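# Residue-level structural notes
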Amino acid sequence: MPAMHSLPPVHRPLEDALALGPALLARARTAEAAPWLAASLVEGPAVVLGAAQRAARVVDLSACAARGAKVLRRATTGTAAFLGGRGVVWTLALPHAAALAPDATARTLLNRNVRGFLKGFSRAGAPAHYFGREWISLQHRPAALVGLDATPDGAVLIEVFAGLDAPPEIPPELAAPDERVIDRWLGKAPAALSDVLPARLSLEALARAVVEGVALRAALPLIDGGEAPELAAERFQPVTAPDDPVPPGASAAVLARVPIGWIEAAALSNVPHVPPARAWLGGDVLTARWLLAALGRGDAPARGEDVDAEASPLEGATLADLRALARRALALGRAPGG
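Note that the coordinates shown come from a computational prediction; the quantities given were computed from them, not determined experimentally.

Below, the discussion takes up the sheet that holds strand S7 (residues 128–130). Strand order in the open sheet formed by 8 strands is S7-S8-S9-S10-S6-S2-S1-S11, with mixed pairing between adjacent strands. Each edge of the sheet is formed by a strand with only one pairing partner; in this case those strands are S7 and strand S11 (222–224). Going from strand to strand, the sheet's axes swing by 25° on average, the running direction of each strand aside. Two elements, strand S8 (residues 135–138) and strand S9 (residues 141–150), share 4 bridges in a ladder whose sense is antiparallel. Looking across to S9, one finds that Ser137 is bridged to Pro142. Contacting strand S1 (4–11), strand S2 (36–43), strand S6 (86–94) and S11, helix H8 (residues 203–218) crosses the sheet at an angle of about 20° to S6.

If you want it as structure tokens, here you go:
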């Protein structure tokens, strides 16, 4: 009988909570092909960047260091989450987009798969809604931020971040100028969980309620996943380079506004061991990292790789937006002085 494997909510260092994403995704892709879900109780202060966000475009690294706020990078794409104190990270790994919702496709992935989170938050006492893109509303206020990634064979990773003591919005004094100009919350005031949940509800109880809500919405029994997987937490250490994750030697990044915020690209013509006419492509967009890499090389698939851009999740920008910016970065990189 199909089931959802889960790890019980426990306190984890934030680096370990982020490392759970790739570890559970690997488990979901095994021959058993089962969904996995975990909840990690974490501590900030920290800014958790999306996998493809250039650090200096999102945060002021010096201001973060002065405040004692770590800047970390997660495995999922999308926009940055701020954890000002205590918080929760939910990690959902699926063997394919329709593992929990039979009608889900790559392009309806988040819409279908956040519904279990909505059920869990609502059961915990905070009516929850999702209006598309990157955040979940509790009591009509943005309170949880969503990230995603997918593999070329269709496995999916979704992460949800929420803070008990502070809203998910990066404080203005820590944000870079290009981040401060974006209204990420559609004019609404983001909320901490303590603002929208019953006062007596513990963080552990909330974490468990959401896990149970996801399983109930999918009509799947919860099975204890046993011991936590071995984690490669060294991949999730603090970000200190302003242009991270752009490879050293790339041209200056160029930006374009899209509905979710910014997308960015940089020519890689001067990067050692990278062929000419390749671009790094990133930004706030919610999509698969492999798709950004494929578009950066002009959709030319690597040996043995079947690239189908239409089969990838994509929220907040279009394929045309991404391709156009990659071409612009390459043209500027070939220009004299580029």
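For H8, which comprises 16 residues, the first-to-last C-alpha distance of 23 Å matches the rise-based estimate of 22 Å (1.5 Å per residue) to within 8%. Residues of H8 that are buried: Leu203, Leu206, Ala207, Ala209, Val210, Val211, Gly213, Val214, Ala215 and Ala218. Elements in contact with the buried residues of H8: S1, S2, S6, helix H5 (115–123), helix H7 (193–196) and S11. Positive backbone phi, at 55°, marks Ala219, one or two positions downstream of H8.

On to unusual backbone geometry, then. Residues Gly44 and Pro45 are joined by a peptide bond in cis, for which omega reads 5°. Position of Pro45 among the secondary structure elements: in the loop between S2 and strand S3 (46–49). With an omega of 15°, the peptide bond between Asp244 and Pro245 qualifies as cis. Mapped onto the fold, Pro245 is located in the loop between S11 and strand S12 (254–258). Unusually for a residue other than glycine, Gln139 sits at a positive phi of about 50°.

Cut-offs applied
- Here the residue numbers are simple positions, counted from 1 along each chain's written sequence.
- Where totals are concerned, whole chains, interfaces and linings use all residues; where local detail is concerned, this predicted model gives features only for residues with pLDDT of at least 70, and gives and counts side-chain atom pairs only at 80 or more.
- Side-chain calculation: all heavy atoms of the structure are included, whereas hydrogens and water are not.
- What makes two strands pair is DSSP finding at least two bridges between them.
- Here a strand is any run of E in DSSP of at least two residues, a helix any run of H or I of at least four, and the numbering for each starts at the N terminus.
- Here an angle of 0 to 180 degrees is reported between the N-to-C directions of two axes, which are lines fitted to C-alpha atoms, with helices fitted over the stretch in contact.
- By definition in these notes, contact holds between two residues if any of their heavy atoms fall within 4.5 Å.
- In this analysis, the expected span of each helix is defined as 1.5 Å times one less than the number of residues it contains.
- Here the term buried applies to any residue with accessible area under 20% of the maximum for its type, exposed to any over 50%, and partly exposed to those in between, with areas from a 1.4 Å probe on protein chains only.

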